Amino acid sequence: MPTVVKIRKSSYRALLLKKRNELLAEVKRGPEALATNIQSPDAVEFAIKAAEQDLTARTADLRSRVLKEIDRALERVARGSYGVCEGCGEDISQARLKALPWARYCVRCQELISRN
Ligand SMILES: [Zn+2]
């Protein structure tokens, strides 16, 4: 196996682990951030805070989804199938993996999926 591929894969693994740690750190900070949102007597303030909390909930949802994707990507690194599109079996471009290290599909397949 060419060494270049190995180096690339381990760097993506490092990237995935770093992102994973960042997300987990944010998750830990979550409850405190919510607690500071509760004290607001004013109705307008309350509406704003409620919207913020909704946003926080959605962000948390997105975060846990990304965490799941990262875990899957790390599994693929371990299995040696990382960087291969699950749709067409072609290699996912390096640029795409740099922007989205947990990408499961190439740009073309992703477009097809989001269109349907
Ligand atoms: Zn594809």
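Whatever comes next refers back to the structure up there.
What you see is a predicted model; the values in this text were computed from it and never measured. Within each chain, residue numbers correspond to sequence positions counted from 1 in written order. The model is predicted, so local features are restricted to residues of pLDDT at least 70 and side-chain atom pairs to those at 80 or more, both for listing and for counting; the totals for chains, interfaces and linings are taken over all residues. Excluded from the side-chain calculation are hydrogens and water; included are all heavy atoms of the structure.

Enquirer: Would you mind going over the layout of surface pockets in detail, with residue names and values included?
Expert: There is about 280 Å³ of room inside the largest pocket. Along the wall of the largest pocket there are 13 residues; nearest its centre are E69, L100, W102, R104 and Q110. Elements supplying a minimum of two residues to the lining of the largest pocket: α2 (43-79) and α4 (107-115). Counting residues per element, the lining of the largest pocket draws most heavily on α2, at five residues. Here the residues of the lining of the largest pocket are counted per class, giving seven nonpolar, one polar and five charged. Using only the protein atoms, space was sampled on a 1 Å grid; points where a 1.4 Å probe fits but cannot get out form cavities, open sets with protein on both sides within 12 Å along at least five of seven lines form pockets, and lining residues are those with an atom within 4 Å of a point. Grid points are joined across faces, edges and corners, and a volume is the space filled by probe spheres set on the points. A helix here means a DSSP run of H or I that spans at least four residues, while a strand means a run of E at least two residues long, and both kinds are numbered starting from the N terminus. Throughout, the ten residues Ala, Val, Leu, Ile, Met, Phe, Trp, Tyr, Cys and Pro are labelled nonpolar, Asp, Glu, Lys and Arg are labelled charged, and all others, Gly among them, are labelled polar.

Enquirer: Tell me about the coordination of the zinc ion, and please be specific about residues and values.
Expert: In this structure, C85 (SG), C88 (SG), C106 (SG) and C109 (SG) serve as the protein donors to the zinc ion, at separations of 2.3 Å. Donor criterion used throughout: N, O or S atom within 2.8 Å of the metal, extended to 3.2 Å for Na, K and Ca. Water excluded; incomplete-looking sites may result. Geometry is assigned from the angles between donors: four donors with all angles from 85 to 135 degrees make a tetrahedral site, four or six donors whose opposite pairs exceed 155 degrees while the rest stay between 65 and 115 make square planar or octahedral sites respectively, and everything else is labelled irregular. In this structure, the zinc ion is coordinated by four donor atoms arranged in tetrahedral fashion, with angles at the metal of 103 to 114 degrees. All donors of the zinc ion come from a single chain, and their spacing in sequence reads C-x2-C-x17-C-x2-C. Linking C88 in the loop between α2 and α3 (94-99) with C106 in the loop between α3 and α4, this pair joins segments that are 18 residues apart in sequence.

From the geometry alone we can't say anything about function, so treat these as descriptive.
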